[in-house]
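Each chain, letter by letter, is given below.
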Amino acid sequence: MNTLTRTLFEQTINVASELLHFRQPADAVLSAFFRAHRCGPRERAFIAEAGYALLRRKRSLAAWIGPDATVKQLVLAALVRHCGVSQRMLEAALSKRDADWLSELKAKPEPALTLAEQTDLPDWLIERLSALMPEAELQALARTLNQPAPLDLRVNAQKTNRAAVLAQLAEEGLAATACPYAPEGIRLAGKPFLAKHPLFLDGSIEVQDEGSQLLGHLLAPKRGEMVVDFCAGAGGKTLLLGALMRSTGRLYALDVSEKRLAKLKPRLARSGLSNVHPMVIAHENDTHVKRLAGKCDRVLVDAPCSGLGTLRRNPDLKWRQTPQSVAELAVKQAAILAAAAKLLKPGGRLVYATCSLLPEENAQIVDAFLAAHPAYARRRASDVLAAQGIALDLPGDDLQLLPQVHGTDGFYAAVLERQA
């Protein structure tokens, strides 16, 4: 975009103002705005990029501007510092007063920043992460979390294979490579629009982060088994599990949200799977859940969590979550794990997973569960993956994926088995 119009600038400020209220997830704010306002694809991309840059860098931008930073000033600072917008491109959109202010800002010396301001993270989260890793590693993590995530795809092995998809994408001039760990994973260099792509429409590919794909391989369901995706949501992992089962056996997709599960329906139709049974439940101790007690071979618990491992995609979460919300989630996570574990038959496997970076949502939940349930034991995640030809060197028993190390979202997973 060579020049910015005043209308587009004002729209960007309006969206930013709504984003900074943190009443809704950022993607919901943007979707609602684009439904209400006619914008072309380039304008949408510009507004979204500016909004996400502001959410990612809000803290360091505010430190640069000063304590009385307005939304307009934050937007201008984000555009020139993080969106590659020059002052010349802004000429048509700015009043003389705003242009003068921006010139003065750019001439200001860099302020001395605290660690939280340098990393663009809230104080409470810096405290938690500082207890887990040295400062250099924390800085590397924050740098990665403040970058947009790449676009990962999962190839549906029911329909095609990775080599064929890579060849087709290359023919179309789309730069793509095989993901380093997930056997069905493909990483795209850019962010092409895929919703109308033939491979997407016929169910050959799905958008899914590589880390999310690895959770399915930790569960490693087999043909003919009874499997439960306990917190299925929109069903991304459900579809992977169904493909790993070669559309045999029974796969229950459970969730408390009918709205989230409804999003699985068109994806399921495209996938070609016939073994998936979506089921809305009222809570983790619903009668539907109790009927499955002791009958299941595998259970995946992708527990509701703070989502702090997904800040590349959802930067608003670092400002929307609090120590109190994390503590409330931990109570819910423990209850869900205890309820889901009852579904396993002796010898069965459960994978407990989150997209959080915090031990209180991860290992501490699993440790407390195992202490109270001696019939269950932990298995080393790297051994489970190695048995499927996936080489991933992990320092402990559990899976801990970090964006700056593995190129995925931040994921945690523990593999538990009920003793035979």
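Here's what I pulled together on the structure shown here.

Reading guide: rules and limits
- Residues numbered from 1 in each chain as written.
- Predicted model: local features only at pLDDT ≥ 70, side-chain atom pairs only at ≥ 80, totals over all residues.
- Heavy atoms only, no water.
- Helix = DSSP H or I, 4+ residues; strand = E, 2+ residues; numbered from the N terminus.
- Rg over C-alpha atoms; globule rule 2.2 N^0.38 Å.
- Buried < 20%, exposed > 50% of the residue type's maximum accessible area, 1.4 Å probe, protein only.
- Lys, Arg positive; Asp, Glu negative; His and termini not counted.
- Charge placed at Lys NZ, Arg CZ, Asp CG, Glu CD.
- Phe/Tyr/Trp six-rings, centres within 6.5 Å; stacked < 30°, edge-to-face > 60°.
- Lys NZ or Arg CZ within 6 Å of the ring centre and 35° of its normal.
- Disulfide = S-S within 2.5 Å.
- Salt bridge = Lys/Arg side-chain N within 4 Å of Asp/Glu carboxyl O.
- Axes fitted to C-alpha atoms, helices over the stretch in contact; angles between N-to-C directions.
- Parallel < 35°, antiparallel > 145°, perpendicular 65-115°, else oblique.
- Left-handed = near helix turned anticlockwise from the far one by under 90°.
- Contact = heavy atoms within 4.5 Å.
- Nonpolar A, V, L, I, M, F, W, Y, C, P; charged D, E, K, R; others polar.
- Expected span 1.5 Å × (residues − 1).
- Polar contact = N/O pair within 3.5 Å; in protein donor to acceptor, adjacent residues only side chain to side chain.
- Pairing = 2+ DSSP bridges.
- Core = buried A, V, L, I, M, F, W, Y, C linked by side-chain atoms within 4.5 Å.
- Arc of directions from axis to C-beta.

### Overview of the overall build of the protein
Within the protein, the secondary structure is distributed over 20 helices and 12 strands. Computed over its C-alpha atoms, the radius of gyration of the protein comes to 23 Å, within 12% of the 22 Å expected for a compact globule of 420 residues. The dimensions of the protein, computed from C-alpha atoms along their principal axes, are 75 × 50 × 40 Å. Among the 420 residues that make up the protein, the fraction classed as buried is 53%. If you average the places of the 52 positive and of the 44 negative side-chain charges in the protein, the two averages end up 5 Å apart.

### Remarks on the packing of aromatic side chains
Aromatic rings in a pair are described by how distant their centres are and how their planes are angled relative to each other. All chains considered together, the criterion is met by 2 aromatic pairs. Over the ring of Trp319 we find Lys58; its NZ or CZ atom is 4.3 Å from the centre of that ring. Residue placement shows Arg270 over the ring face of Phe200; its charged tip is 4.3 Å from the ring centre.

### Some words on unusual backbone geometry
Positive phi, close to 55°, is recorded for Phe22, a residue that is not glycine. Along the chain, the position of Phe22 falls in the loop between α1 (6-19) and α2 (26-36). For Ala220, which is not a glycine, the phi torsion comes out positive at approximately 45°. Relative to the assigned elements, Ala220 resides in the loop between α11 (210-219) and β5 (226-229). We classify Ala220 as buried; its relative accessible area is 16%.

### Here we look at the state of the cysteines
One pass over the full model with this rule turns up 0 disulfides. Summary of cysteine pairing: Cys83 is not part of a disulfide, and the nearest cysteine sulfur, belonging to Cys39, is at 16 Å. Residue Cys83 is classed as buried on the basis of its relative accessible area, which comes to 16%. Considering cysteine sulfurs only, Cys355 is the nearest to Cys305, which forms no disulfide, with 3.5 Å between them. The exposure class of Cys305 is buried, given its relative accessible area of 16%.

### Regarding the pattern of salt bridges
One pass over the structure, following the stated rule, counts 25 salt bridges. Arg187 is paired through a salt bridge with Asp152; the nearest N and O atoms lie 2.7 Å apart. Of the two residues, Arg187 sits in strand β3 (residues 185-188) while Asp152 sits in strand β1 (residues 151-155), which places them 35 residues apart along the sequence. The pair formed by Arg187 and Asp152 is uniform in burial state, with each residue classed as buried.

### Things to note about the packing of α11 against helix α12 (residues 236-244)
One can describe the packing of α11 onto α12 by two numbers: an axis separation of 9 Å at closest approach and a directional angle of 45°. Comparing the axis directions of α11 and α12 gives the class oblique. The hand of the α11/α12 crossing is right-handed. The segment α11 lies against α12, with Ser212, Gln213, Leu215, Gly216, His217 and Leu219 engaging Lys237, Leu240, Leu241 and Leu244. Of the residues belonging to the contact of α11 with α12, the class tally is 5 nonpolar, 4 polar and 1 charged.

### Comments concerning α1
End to end, α1 covers 20 Å across 14 residues, agreeing with the expected 20 Å (1.5 Å per residue, within 8%). Where α1 is buried, its residues contact α2, α3 (41-65) and α4 (71-82).

### Points about the side chain of Asp286
Relative to the elements of secondary structure, Asp286 occurs in the loop between β7 (276-280) and α15 (287-291). Buried Asp286, no salt bridge; nearest opposite-charge side chain is Arg291, N-O distance 6.6 Å. A distance of 3.4 Å separates a polar atom in the side chain of Asp286 from a polar atom in the side chain of Thr287.

### Regarding the sheet that holds strand β4 (residues 205-207)
Pairing between the strands of a sheet is mediated by backbone hydrogen bonds and can be parallel or antiparallel. Across the sheet, which stays open at both edges, the 4 strands sit in the order β2-β3-β1-β4 with antiparallel pairing between neighbours. Looking at strand neighbours, the two that pair on one side only are β2 (176-178) and β4, the edges of this open sheet. Each strand of the sheet is rotated relative to its neighbour by a mean of 30°, with strand direction disregarded. Inspection of the sheet shows β1 paired to β4 by 3 bridges, in the antiparallel sense. Residue pairing for β4: Arg154 is matched across the bridge by Glu206.

### With respect to the nonpolar core
Counting 40 residues, the largest nonpolar core has Leu4, Phe9, Ile47, Leu54, Leu79 and Leu90 as the members making the most contacts within it. Every element with two or more residues in this core is listed here: α1, α2, α3, α4 and α5 (96-107). For this core, the element with the highest residue contribution is α3, accounting for 11 residues. Not counting the four nearest positions on each side in its chain, Leu54 is found in contact with Ala16, Leu20, Leu61, Leu74, Val75 and Ala78.

### Looking at α5
Given 3.6 residues per turn, any residue in an α-helix points the same way as the ones three and four places further on. Spanning 12 residues, α5 covers 17 Å between terminal C-alpha atoms, matching the ideal 16 Å at 1.5 Å per step. Taken together, the buried positions of α5 are occupied by Asp98, Leu102 and Leu105. Buried residues of α5 fall within an arc of 60° about the axis and therefore sit on the same side. Of the exposed residues in α5, the ones pointing more than 90 degrees away from its buried face are Lys96, Arg97, Glu104 and Ala107. Considering only its buried residues, α5 is in contact with α3 and α4.

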